[in-house]
Amino acid sequence: MIILAIETSCDETAIAILKTPRLRSGRFEILSNVVSSQIKIHAKWGGVVPHLAKREHIKNLPLVLRKALREAKVSSINVIAVTAGPGLEPALWTGINFAKELAEKWKKTLIAINHMEAHIFSVFLKEKSSKFQVPSFKFPAVALLVSGGHTELVLMRKMLDYKIIGQTLDDAAGEAFDKTAKMLGLPYPGGPIVAKLAEEKVVAPFTLPRPMINSKNYDFSFSGLKTAVLYKLKELGFDNLKPHARLITRKQIAYEFQQAVIDVLVSKTLRTAKEYQVKTIILGGGVAANQELRKQLGEAIKKQIPNTKYLIPDTAFTGDNAAMIALAAYFRAKEKKILDKLGTSPENLKADGNLKLS
Ligand code: KG4
Ligand code: ZN
């Protein structure tokens, strides 16, 4: 079976092709994985502009498809999977309309995929290989999903069974990184730049809050942290500092801010893991590229609940890509066994910017 997957939920136009010898085998191969990033276009505006994303996706989709088909060396496919949400609706619709056209032209089944579910499965992809055997992993599992639009703790009691037990009440973790970078006069996307500055570990003579770290629930809140950065910069007269002092302040804020985010994420994930006695912890989403977060979550697990398996994606698959969409479609097909029942009728396939995992 060959699955072609399309992802256009934000600012990457992506198409991947996955092949499996038999649905039940647990073996699959990523034949191609093409990602065309629009970051340069949106960077000028300090964030993703939905109508520009839509225009670029429409322009890029046919080119990305041609490249994906050429690299995969396949002439026919069996199933088309497409991200239906969550994400920016004008962007999502471009992928959905493209998928519908292909499905009609090729007379193929369409499968709608939840982008966050795909981030969970991204832990099974590896950069250095194209052939995979799904490793066994035990339930219950909890996934900490951290991206530009989402921060959530998802409990999985079995395969394809999701319960959101905690989420951000305001800004997502990635969004907080992006906004902090902006306040520091740094370009979009801010996450990687803030992480780079934080690498120098320039300790600040002040602390920033760890919002909700002691709250009894599993929710997050990052907008207060962002506001604390704003006030601190005002207090320090950041805009009028000399270049050297500005750079030092940037590094101090980056280090302290990143540590505040990590402290909250690690603490709540560990608490969830203990409460629900999970056997596996998964980290996924764009912010999972953060080396310090990967490391500190791993260390906390090893120290506090050493028998828990820790799964993280290769950094090549933390950002948005279509290989993870194809993989989510594969898992859906594998579990449900009968592919026909999975198919979404084109009339019912709609973009849902707020699509929830369930
Ligand atoms: O999953 P993703 O690629 O897109 C969404 O689905 O939102 O996540 C993008 C987010 C951005 O906010 C970006 O700044 C953040 O991931 N990000 C990082 C790092 N790399 C990307 N945040 C912290 N540290 C990083 N190294
Ligand atoms: Zn994403």
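Note that the structure is predicted; figures quoted are calculated from it, not measured.

K.L.:
I tried to follow the site of ligand 1 on my own but got confused; where do I start?
P.N.:
Taken together, the neighbourhood of ligand 1 is formed by 19 residues, with Gly148, Asp178, Gly191, Gly286 and Asn290 sitting nearest. In this structure, glycine 148 approaches ligand 1 through a main-chain N or O atom, which is 2.9 Å from an oxygen atom. Within the side chain of asparagine 290, an N or O atom sits 3.0 Å from a nitrogen atom of ligand 1. For ligand 1, whose free accessible area comes to 550 Å², the fraction covered by protein is 86%. Looking at the shell around ligand 1, the elements with two or more residues in it are α4 (115–121), α5 (173–183) and α6 (190–198).

K.L.:
So what exactly am I meant to see when it comes to helix α8 (residues 243–275) here?
P.N.:
Three- or four-residue spacings in an α-helix give side chains the same orientation, since the helix completes a turn every 3.6 residues. Under the 1.5 Å per step criterion, the end-to-end length of α8 is 48 Å for 33 residues, consistent within 8% with the ideal 48 Å. Positioned one or two residues after α8, glutamine 277 has a phi angle of 45°, which is positive.

K.L.:
Please clarify how the environment of isoleucine 30 should be interpreted in this entry.
P.N.:
Within the element layout of this structure, isoleucine 30 appears in strand β3 (residues 27–37). The exposure class of isoleucine 30 is buried, given its relative accessible area of 12%. Sequence separation of isoleucine 30 and serine 130 is 100 residues, and the distance between their C-alpha atoms is 5.1 Å.

K.L.:
What should I look at first to understand the packing of helix α7 (residues 223–235) against α8 in this one?
P.N.:
In a packed pair of helices, the relevant descriptors are the angle between the two axes and the axis-to-axis distance. Following both chains from N to C, one finds α7 and α8 inclined at 160°, their axes separated by 11 Å at the closest point. Judged by the inter-axis angle, α7 sits roughly antiparallel to α8. The two elements α7 and α8 cross, and the hand of that crossing is right-handed. Contacts between α7 and α8 involve Leu225, Val229, Lys232 and Leu233 from the former and Thr249, Ile253, Phe257, Ala260 and Val261 from the latter. Along the lines of polarity and charge, the residues of the contact of α7 with α8 split into 7 nonpolar, 1 polar and 1 charged.

K.L.:
Quick question: what am I supposed to make of α6 here?
P.N.:
Those residues of α6 that fall on the buried side of the exposure criterion are Gly190, Gly191, Val194, Ala195, Leu197 and Ala198. Buried residues of α6, seen end-on, are gathered within an arc of 160° and therefore sit on one face of the element. In this structure, α6 carries Pro192 and Lys196 as exposed residues pointing more than 90 degrees from its buried face. Its buried side turned inward, α6 meets α5 and α8.

K.L.:
Hey, could you run me through the packing of aromatic side chains in this one?
P.N.:
Note on aromatic pairs: each is described by the distance of the centres and the angle between the planes. The final tally for this structure, using the stated rule, is 11 aromatic pairs. Taking 5.0 Å as the distance between ring centres and 85° as the angle between the ring planes, the aromatic pair formed by phenylalanine 177 and phenylalanine 257 counts as edge-to-face. In this pair, phenylalanine 177 is assigned in helix α5 and phenylalanine 257 in helix α8, connecting sequence segments 80 residues apart. The residues phenylalanine 177 and phenylalanine 257 share a single accessibility class, namely buried. Counting every residue linked through ring pairs, the aromatic cluster contains Phe28, Phe121, Phe124, Phe132, Phe137, Phe139, Tyr330 and Phe331. The ring of phenylalanine 238 carries arginine 246 above its face, with NZ or CZ at 4.5 Å from the centroid.

K.L.:
Can you walk me through the coordination of the zinc ion (ligand 2) in this structure?
P.N.:
Tetrahedral coordination by four donors puts the ideal angle at the metal at 109.5 degrees, and octahedral coordination by six puts it at 90 or 180 degrees. Distances from the zinc ion (ligand 2) to its protein donors, His115 (NE2), His119 (NE2) and Asp320 (OD), fall within 2.1 Å. For the zinc ion (ligand 2), the single-chain donor residues occur in sequence as H-x3-H-x200-D. Pair noted here: histidine 119 is in helix α4 and aspartate 320 is in the loop between β11 (309–311) and α10 (323–336), with a separation of 201 residues, a long-range link. The pair histidine 119 / aspartate 320 is uniform in exposure class, with both members buried.

K.L.:
Got a minute to help me understand the sheet that holds strand β8 (residues 151–156) in this structure?
P.N.:
Think of a sheet as strands paired side by side through backbone hydrogen bonds, with each pair either parallel or antiparallel. If you walk across this open sheet you meet the 5 strands as β9-β8-β7-β10-β11, and the pairing is mixed. The sheet is open, and its two borders are formed by β9 (163–167) and β11, each paired with just one other strand. For this sheet, the mean inter-axis angle between neighbouring strands, taken without regard to orientation, is 20°. Bridge count for strand β7 (residues 141–146) against strand β10 (residues 280–284) is 5 bridges, and the pairing is parallel. Across the sheet, residue leucine 144 finds its bridge partner in β10, namely leucine 283.

Rules used in this analysis
- Residues numbered from 1 in each chain as written.
- Chains lettered and ligands numbered in written order.
- Predicted model: local features only at pLDDT ≥ 70, side-chain atom pairs only at ≥ 80, totals over all residues.
- Heavy atoms only, no water.
- Near = heavy atom within 4 Å.
- Polar contact = N/O pair within 3.5 Å; in protein donor to acceptor, adjacent residues only side chain to side chain.
- Areas by Shrake-Rupley, 256 points an atom, 1.4 Å probe, with all protein chains shown as cover.
- Helix = DSSP H or I, 4+ residues; strand = E, 2+ residues; numbered from the N terminus.
- Expected span 1.5 Å × (residues − 1).
- Buried < 20%, exposed > 50% of the residue type's maximum accessible area, 1.4 Å probe, protein only.
- Axes fitted to C-alpha atoms, helices over the stretch in contact; angles between N-to-C directions.
- Parallel < 35°, antiparallel > 145°, perpendicular 65-115°, else oblique.
- Left-handed = near helix turned anticlockwise from the far one by under 90°.
- Contact = heavy atoms within 4.5 Å.
- Nonpolar A, V, L, I, M, F, W, Y, C, P; charged D, E, K, R; others polar.
- Arc of directions from axis to C-beta.
- Phe/Tyr/Trp six-rings, centres within 6.5 Å; stacked < 30°, edge-to-face > 60°.
- Lys NZ or Arg CZ within 6 Å of the ring centre and 35° of its normal.
- Donors = N, O, S within 2.8 Å, 3.2 Å for Na, K, Ca; no water.
- Pairing = 2+ DSSP bridges.

Purely geometric numbers; function is a separate question.
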